[in-house]
Amino acid sequence: MAAKTLWLCNPVTLRSDPCRPPTSTLVLDPSGQRQRIEHPQRPRHPQFDCFYIYPTVSDFPGPQAPLRIFPEQRSIAEYQAARFSLACRVFAPVYRQLTLRGITVDAGKVTPEMREQAYGDVRAAFLDYLRRYNRGRRGVVLIGHSQGTFTLRRLLRAEVDGRPTRRRLLVSALLIGGNVLVRQGSDRGGDFRHLRVCTSPRQTGCVIAYSTYGERPPADAVFGNPRVSFGLPLPPGPVEVACTNPANLQPGGKGLLTPIYPSQAFARGTTIGALTEQLGTPRVERPGAFWLKAPRSYTAGCVRANGAHVLLVSPRRGAPPLKPVPNASWGLHLADVNIALGNLVELVERQAATWRAQRRR
């Protein structure tokens, strides 16, 4: 049974909200040299909303996290969701996710009831958002990563895909690092009946999905591999994992990624904080800004290799090569969102403008 929504981010009700940090941004060249500080303005009245579900971050000692807010949740919201507040109102519920122990050493203790509670919390929060804050009037972008994406795949299938009135509210869904399935060689089918993969920034009501690797994925790749289902049912017929390049949505298109990430390290003393330090993203002493931004630092394009379909990224002009963490089979999973955060924010702004123009017709 779902509990009452506990909001991690809610611009309507919360005074202290990790999704609305300072906007000051230190711009770096790809090699990490200082360029300038920018002060982008957060809109007073954002024209659309974002609904964010965070990945597996909980260090709670057991297989399932409680409905409480810990430092790791606030940090991941700052890292992955907060930058979107320059474009949209960001709502993010707390949910009883499977913990880091729950997907590793305590995996055998995870019960079907725990999985249902985690999903039930997200479903209840989404319905609460629709009823209290959307009311059928505002476009919404759904954003998830890893366990957040697995949960949103199910939510979209059950609560949006087959409901035309809710599909019309969907600006797009960023389902990152979570093996979204489509029919092999197609932009549709697989997980959803009606929702298609985005192939143009002028397209709305569609899905953006990818997982990043710094080299061609190995045969035991965890992400981009349709054989790794994460407990979700496999649809019938030949399927593959969707890959959309956020720097160029045209199928097969190449592009340049703009990483953005907080200048301060992830919450100290946490597992994700320790793993993030191993990625190799540069740190700047006395940055003088909340954010670091390195425009056009990586080239990116979708590739198929060893049965996987992934976004292959390569550093350019002195940008640091990132390290796969915890191992090569996971690729650059921990960097999935931030390595393309500049592209993603710009992309949803363009999609939302198209969505509003369509509604005015």
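Up top you'll find the structure we're talking about.
Residues numbered from 1 in each chain as written. Predicted model: local features only at pLDDT ≥ 70, side-chain atom pairs only at ≥ 80, totals over all residues. Heavy atoms only, no water.

Side note on the state of the cysteines
Counted only if it meets this: Cysteine sulfur pairs qualify as disulfides if the two atoms are within 2.5 Å. Each residue gets one of three labels from its accessible area relative to the maximum for its type: buried under 20%, exposed over 50%, partly exposed in between, using a 1.4 Å probe on protein chains only. A helix here means a DSSP run of H or I that spans at least four residues, while a strand means a run of E at least two residues long, and both kinds are numbered starting from the N terminus.
Inspection of the entire model under this criterion finds four disulfides. Residue pairing for Cys 198: its cysteine sulfur links by disulfide to Cys 206, the two sulfurs lying 2.0 Å apart. Taking the sign of the S-S torsion, 95° for the link of Cys 198 and Cys 206, the bridge is right-handed. Using a relative accessible area of 1% as the deciding quantity, one classes Cys 198 as buried. Overall, the relative accessible area of 1% leaves Cys 206 in the buried class. Covalently, Cys 243 is tied to Cys 302 through a disulfide, its sulfur atoms 2.1 Å apart. Disulfide Cys 243-Cys 302: the torsion about the S-S bond is -80°, which places it as left-handed. With Cys 243 in the loop between strand E12 (239-241) and strand E13 (255-257) and Cys 302 in strand E16 (residues 298-305), this pair connects stretches of sequence that are 59 residues apart.

A word on the sheet that holds strand E17 (residues 308-315)
Rules: If DSSP finds at least two bridges between two strands, the strands pair.
Taken together, the four strands give an open sheet; going across it, the order is E11-E17-E16-E13, and neighbouring strands pair in mixed fashion. A single partner strand is all that each edge strand has here, and the edge strands are strand E11 (212-213) and E13. Direction of pairing for E11 relative to E17: parallel, over a ladder of two bridges. Residue pairing in the sheet places Thr 212 in a bridge with Leu 311 of E17.

Looking at the side chain of Asn 134
Here is the rule we go by: Any N or O atom pair separated by 3.5 Å or less is treated as a polar contact, with the protein-specific requirement of one donor-capable and one acceptor-capable atom, and with residues adjacent in sequence counted only for side-chain atom pairs. By definition in these notes, contact holds between two residues if any of their heavy atoms fall within 4.5 Å.
One can find Asn 134 in helix H2 (residues 112-134). A residue is classified by how much of its surface remains accessible, and Asn 134, at 2% relative accessible area, is buried. Engagement of the side chain of Asn 134 in a polar contact is seen with the backbone nitrogen of Gly 136, the distance being 2.9 Å. Apart from the residues within four sequence positions on either side, Asn 134 is in contact with Asp 49, Tyr 129, Val 140 and Leu 169.

Quick word on the sheet that holds strand E9 (residues 196-197)
So the rule is basically this: Between N-to-C directions, angles cover 0 to 180 degrees, with each direction set by a line fitted to C-alpha atoms, over the stretch in contact for helices.
Strand order in this open sheet of seven strands is E1-E5-E4-E6-E7-E10-E9, and the pairing throughout is mixed. Of all strands in the sheet, those with a lone pairing partner are strand E1 (7-9) and E9, marking the two edges. Of the pairings in the sheet, the one linking E9 to strand E10 (residues 206-208) comprises two bridges and is parallel in character. Within E10, the residue paired with Arg 196 across the bridge is Cys 206. Sheet strands touched by helix H3 (residues 147-159): strand E4 (48-53), strand E6 (139-145) and strand E7 (170-176). Its angle to E6, the strand with the most contacts, is close to 135°.

Overview of the packing of aromatic side chains
Definition in use: To pair, rings of Phe, Tyr and Trp, with the six-membered ring standing in for Trp, must have centres within 6.5 Å; the planes then decide the type, stacked if under 30 degrees apart, edge-to-face if over 60, and tilted in the middle. Any Lys NZ or Arg CZ found within 6 Å of a ring centre and within 35 degrees of that ring's normal is scored as a charge over the ring.
Under the definition given, this model contains twelve aromatic pairs. Ring centres of Phe 91 and Tyr 129 lie 5.1 Å apart, and the angle between their planes is 55°; this geometry places the pair in the tilted category. Of this pair, Phe 91 sits in strand E5 (residues 89-93) while Tyr 129 sits in helix H2, and the two are 38 residues apart along the sequence. Judged by centre distance (5.1 Å) and plane angle (70°), the rings of Phe 290 and Trp 291 are edge-to-face. Of the two residues, Phe 290 and Trp 291, both sit in the buried class. Three or more aromatic residues joined by ring pairs form one cluster here, namely Trp 7, Phe 51, Phe 91, Phe 126, Tyr 129 and Tyr 133. One residue, Arg 154, lies across the ring of Tyr 119, its end atom 3.8 Å from the ring centre.

Shape is all these values report; function is a separate question.
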